[in-house]
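# Structural overview
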Amino acid sequence: MKTSVWMLAFCATAFYSCQKVIEVELNPSSPRYVITGNITDRPGPYEVKITSSINFDQDNNFPVVSGAKVCITDQNVGLTDTLTEVTPGRYLTHVLAGAPGHTYKLVVTLGNEMFSAVSTMPAPIALDSLYTQPATFGDGTDVVALYNDPAVRGNFYHLVLAVRDRPSQEIYLHNDKINNGARVTHVLNNDADIGTGDIITVELQCIDTDVYDFYYSLDEALKQNSAVISNPKTNIRGGAMGYFSAHTTRTKSFAYR
């Protein structure tokens, strides 16, 4: 079957409106829906975005998808929230409250198509402290985050770095397969210039294993300098791309001196 390269964008964090673009081999007649959703242990409303992949020779104006029926169910308490489309392609919750240990199911209906995903929110981990150090490679400044991995195995982390409210395009991940229960010193190789007085912010997300696999597969593709992947990891069933993440979040900021 003839394939073509299409492009998709997604939001990688709950706090910043950032966009990463990757290329995916798809049938040229079949652009795919891209669904991204986040629930955190902070007060809502929570957001689901739906767009469509585009041909690589188009500009990065990703078509939004309106008219979907979007529901999220807290399976621990049996509460279903039907989201409202507040702007084209952007859907918000009303009554859900994210809680560690709870499992959430997302269902998106578009015409005769249905997509679903399940994510369980892990327990939160404190982000103890942040500091900077000279870059490990080349010039510049890296940011270091310190936190303690708990004794229970199976913890997965996604960190988001922002300098002057601009999120890094790097993907920062950690798991406890090797150093379970240890003190973690996580070096965030920074891709932005940092000057005196700049505000540096790090968000520590505790994510489940399926969301970790999504970010990991994307990061591996991007490191190959050819962000073309034929089967991107996703926890969304039904043929859409993207991810649905129920995660905890802890954030710290400081001014660079």
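Model, not experiment: these values are computed from the prediction.

## Examining the overall build of the protein chain
What the protein chain contains, in helices and strands, is one helix and 20 strands. For the protein chain, the proportion of contacts with a sequence separation of at least 24, taken over those separated by at least 6, is 64%.

## Remarks on the sheet that holds strand β17 (residues 183–188)
Within the open sheet, the three strands sit side by side as β12-β13-β17. Their pairing is antiparallel. Looking at which strands have only one partner, the edges of the open sheet turn out to be β12 (129–134) and β17. Mean inter-strand twist for the sheet, computed between neighbouring axes without regard to direction, equals 25°. For strand β13 (residues 141–148) and β17, the ladder comprises six bridges, and the chain directions are antiparallel. Looking at the pairing, V144 lines up with V187 of β17.

## Considerations on helix α1 (residues 209–223)
End to end, α1 covers 21 Å across 15 residues, agreeing with the expected 21 Å (1.5 Å per residue, within 8%). Listed as buried for α1 are V211, Y212, F214, Y215, S217, L218, D219 and A221.

## Remarks on the nonpolar core
I35, I39, V48, I50, V70, I72 and V108 are the most contacted members of the largest nonpolar core, which totals 24 residues. When residues of this core are traced back to their parent elements, those giving at least two are β3 (33–40), β4 (47–52), β6 (69–74), β10 (103–110), β11 (113–120) and β20 (241–255). Per element, the largest residue contribution to this core is four residues, and it comes from β10. Setting aside residues no more than four positions away along its own chain, I50 makes contact with V34, I35, V64, V65, A68, V70, G89, Y91, V108 and L110. With 19 residues, the next largest nonpolar core counts A145, Y147, Y157 and I194 among its residues.

## A short note on the environment of V48
Inspection of the secondary structure puts V48 in strand β4. Here V48 falls in the buried class, since its relative accessible area comes to 1%. C-alpha separation for the pair V48 and Y243, spaced 195 residues apart in sequence, amounts to 9.9 Å. Those residues in contact with V48 that sit more than four places away from it in its chain are I35, T36, G37, V70, I72, L83, G89, R90, Y91 and L106.

## Quick notes on the pattern of salt bridges
Going through the model one piece at a time under the given rule, you end up with five salt bridges. Of the charged contacts in the structure, one is a salt bridge between D41 and R250, with a shortest N-O distance of 2.8 Å. On the criterion of sequence distance, the pair formed by D41 in the loop between β3 and β4 and R250 in strand β20 is long-range, its members being 209 residues apart. Residue class for R250 comes out partly exposed when judged on its relative accessible area of 31%. As a salt-bridge pair, R164 and D198 come within 2.7 Å of each other at their nearest N and O atoms. With a gap of 34 residues between them, R164 in the loop between β14 (156–163) and β15 (166–167) and D198 in the loop between β17 and β18 (199–207) connect regions that are remote in the sequence. Of the residues examined, R164 reaches a relative accessible area of 36% and is grouped as partly exposed. Overall, the relative accessible area of 13% leaves D198 in the buried class. Via salt bridges that share partners, E47, K49 and R90 belong to a single interconnected network.

## Digging into the sheet that holds β11
Ordered in space as β7-β6-β10-β11, the four strands form an open sheet in which the pairing is antiparallel. The two strands at the open ends of the sheet, each matched to only one other strand, are β7 (79–82) and β11. Sheet twist, expressed as the average angle between the axes of neighbouring strands with direction ignored, equals 15°. Pairing geometry for β10 and β11, over eight bridges, is antiparallel. Looking across to β11, one finds that T109 is bridged to M114.

Parameters at a glance
Residues numbered from 1 in each chain as written. Predicted model: local features only at pLDDT ≥ 70, side-chain atom pairs only at ≥ 80, totals over all residues. Heavy atoms only, no water. Helix = DSSP H or I, 4+ residues; strand = E, 2+ residues; numbered from the N terminus. Contact = heavy atoms within 4.5 Å. Pairing = 2+ DSSP bridges. Axes fitted to C-alpha atoms, helices over the stretch in contact; angles between N-to-C directions. Expected span 1.5 Å × (residues − 1). Buried < 20%, exposed > 50% of the residue type's maximum accessible area, 1.4 Å probe, protein only. Core = buried A, V, L, I, M, F, W, Y, C linked by side-chain atoms within 4.5 Å. Salt bridge = Lys/Arg side-chain N within 4 Å of Asp/Glu carboxyl O.

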